[in-house]
Amino acid sequence: MLSGAGVSAESGVPTFRGGGNTAVWKGMRFDVISSAEMVERDLPAVWEWFDYRRNFLHELMPNPAHYEIARWQDRFAEFTLVTQNIDGLHQKAGARDVIELHGNIWRARCIACGFTHDMAQSKRPDACLECGDRLRPDVVLFGEMLPPGAFEFAAARASKCELCFVVGTSALVYPAAGLPEIAKAAGAYVVEVNPERTPLSSLCDEVLTGKAGEVLPLFNNENSLL
Ligand code: BJW
């Protein structure tokens, strides 16, 4: 399963592109404030944006889609959850071994030594506790490389996949959006769950038009084919 921001939408997390690409922070588009260039130019502004979002996320809970996905992990002998989400809500719902392609908003990473700091249980340190250098959010911003090995591992699982669910993603951001293409090329049955069509819809064997929190729980009954 590949998940995107739409899975968290019903928890109250704003999507990036839903509503017409208008997500802004103090007049800046998200792809400007969430960019490698902005980390170089104005790290405090980047922290202000991410601190705001962590505060906001603190109150939010997983929704039925997160819980259903977590259940699938126990239901299938081999199940891989790959997410583009950085909010940690899959894990909060009980999902394990989640492959986070774009990092996690609850971690900070040292710009110099790469040491990571947990911010879920404790407050953000002012500087790296290992070397004293500056910290940045441990998320993958535009124009940055994904965490070493994460995409490669996900691609290897996709290339052996029989059933691929693509849930709540606009499928615009690569390389994540390439995973269902890999699965399809390997012969997988590809199912999309999204209220809107995406560039992947025409590749899919099944398009379930609707909200993840309403569609996925429909698989959790005795008539379900899964
Ligand atoms: C619901 C719903 C409900 C609503 N239920 N659904 C090939 C071609 C062209 C460009 C590139 C390429 N390969 C790489 C690139 C460059 C770039 C890229 O893809 N750009 C495109 C936008 C054109 N990629 C990168 O830069 C990546 N790095 C990389 O490739 O490194 C190698 C490299 C380096 C240097 C140069 C070149 C290559 C990194 C991408 C990192 C993305 N980071 C972000 C921001 C994280 C930080 C932050 O949070 O601020 O990650 S961008 C943003 O988009 C975020 C998301 O994870 C990501 C994907 O968004 P997602 O999840 O799909 O959400 P939305 O909002 O787009 O869509 C929501 C969907 O939900 C919609 O479809 C709704 O309909 C649906 N929905 N309610 C179900 N209830």
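Data block above holds the structure.
Worth saying up front: this structure is predicted, and the values here are computed from it rather than measured.

Student: Sorry if this is basic, but what is going on with the overall build of the protein here?
Tutor: Looking only at helices and strands, the protein features nine helices and 11 strands. Based on the C-alpha atoms only, the size of the protein along its principal axes is roughly 55 × 35 × 30 Å. Classification of the 226 residues of the protein by burial places 49% in the buried group. Taking the average location of the 21 positive side-chain charges in the protein and that of its 29 negative ones, the two points are 2 Å from each other.

Student: I keep staring at the environment of G149 and nothing clicks. Help me out?
Tutor: Of note, G149 is situated in the loop between β8 (135-139) and α7 (150-158). Between the C-alpha atom of G149 and that of L101, which follows or precedes it by 48 residues, the distance is 9.5 Å.

Student: Even after reading the chapter, I still don't get the site of the ligand, so can you show me in this structure?
Tutor: Taken together, 34 residues surround the ligand, and among them R17, S34, R53, T169 and S170 come closest. In the environment of the ligand, a nitrogen atom lies 3.4 Å from a nitrogen or oxygen atom belonging to the backbone of G6. Q84 is positioned with one of its backbone polar atoms (N or O) 3.0 Å from an oxygen atom of the ligand. In isolation the ligand offers 1500 Å² of accessible surface; the protein chains occlude 77% of this area. Mapped by element, the contributors of at least two residues to the shell around the ligand are α1 (6-9) and α4 (43-58).

Student: Even after reading the chapter, I still don't get α7, so can you show me in this structure?
Tutor: The complete set of buried residues in α7 reads A150, F151, A154, A155 and A158. Looking straight down α7, one finds its buried side chains confined to an arc of 125 degrees; they lie on one side. Buried positions along α7 lie against β4 (82-83), β5 (99-100) and α8 (179-185).

Student: I tried to follow the nonpolar core on my own but got confused; where do I start?
Tutor: What tends to happen in soluble globular proteins is that the nonpolar side chains get buried as a cluster. Counting 25 residues, the largest nonpolar core has W47 and F50 as the members making the most contacts within it. Every element with two or more residues in this core is listed here: α2 (30-33), α3 (36-41), α4, β6 (103-110) and β8. In terms of residues, this core owes the most to one element, α4, which gives seven residues. Residues contacting W47, with those up to four places away along its chain left out, are R54, A108, M119, R124, L135, R136 and P137. By size, the runner-up hydrophobic cluster in this structure holds 23 residues, among which are L146, A150, A188 and C204.

Student: Any chance you could explain the sheet that holds β8 here in plain terms?
Tutor: Strand pairing in a sheet is mediated by backbone hydrogen bonds. Such pairs are either parallel or antiparallel. Pairing is antiparallel across the open sheet formed by three strands, whose spatial order is β7-β6-β8. Where the open sheet ends on each side, the last strands, each with one partner, are β7 (116-118) and β8. Neighbour to neighbour, the strand axes of the sheet diverge by 40 degrees on average, direction disregarded. By the bridge criterion, four bridges tie β6 to β8 in an arrangement that is antiparallel. Paired with A108 across the bridge in β8 is P137.

Student: What is the right way to read unusual backbone geometry from this model?
Tutor: If a residue is not glycine, its phi is most likely negative; likewise, a peptide bond is most likely trans. Of the consecutive residues Y174 and P175, the connecting peptide bond is found in the cis state with omega at 10 degrees. Residue placement: P175 occurs in the loop between β9 (163-167) and α8. Even without being a glycine, D97 presents a positive backbone phi close to 50 degrees. Among the secondary structure elements, D97 is positioned in the loop between α6 (89-92) and β5. Classification of D97 by relative accessible area gives exposed; the value is 69%. Of note in this structure, A171 is not a glycine but carries a positive phi near 55 degrees. Within the secondary structure layout, A171 lies in the loop between β9 and α8.

About the cut-offs
Each residue is numbered by its place in its chain's sequence as written, counting from 1. Local features are withheld for residues below a pLDDT of 70 in this predicted model, meaning they are given only at 70 or higher, and side-chain atom pairs are given and counted only at 80 or more; totals for whole chains, interfaces and linings count all residues. Values reported for side chains reflect all heavy atoms of the structure, with hydrogen atoms and water molecules removed beforehand. Every helix listed is a DSSP run of H or I at least four residues long, and every strand listed is a run of E at least two residues long, numbered separately from the N terminus. Each residue gets one of three labels from its accessible area relative to the maximum for its type: buried under 20%, exposed over 50%, partly exposed in between, using a 1.4 Å probe on protein chains only. The charge count treats Lys and Arg as positive and Asp and Glu as negative. His and the chain ends do not count. A charged residue contributes its charge at one atom only: NZ of Lys, CZ of Arg, CG of Asp or CD of Glu. Throughout this document, a residue counts as near a molecule or strand when at least one of its heavy atoms sits within 4 Å of that molecule or strand. Polar contacts here mean pairs of N or O atoms no more than 3.5 Å apart (in protein, one a potential hydrogen donor and the other a potential acceptor; neighbouring residues in sequence count only if both atoms are side-chain atoms). The protein chains shown are the only cover counted for residues, whose accessible areas, like all others here, come from Shrake-Rupley with a 1.4 Å probe. This arc describes the spread of directions from the helix axis toward the C-beta atoms. Residue contacts follow a heavy-atom distance rule, with two residues in contact if any of their heavy atoms lie within 4.5 Å. As used in this record, nonpolar core signifies buried Ala, Val, Leu, Ile, Met, Phe, Trp, Tyr and Cys residues forming a set joined through side-chain atoms within 4.5 Å. At least two DSSP bridges between two strands are needed for those strands to be called paired. Simply put, an axis is a line fit to the C-alpha atoms, just over the touching stretch for a helix, and the angle between two N-to-C directions goes from 0 to 180 degrees.

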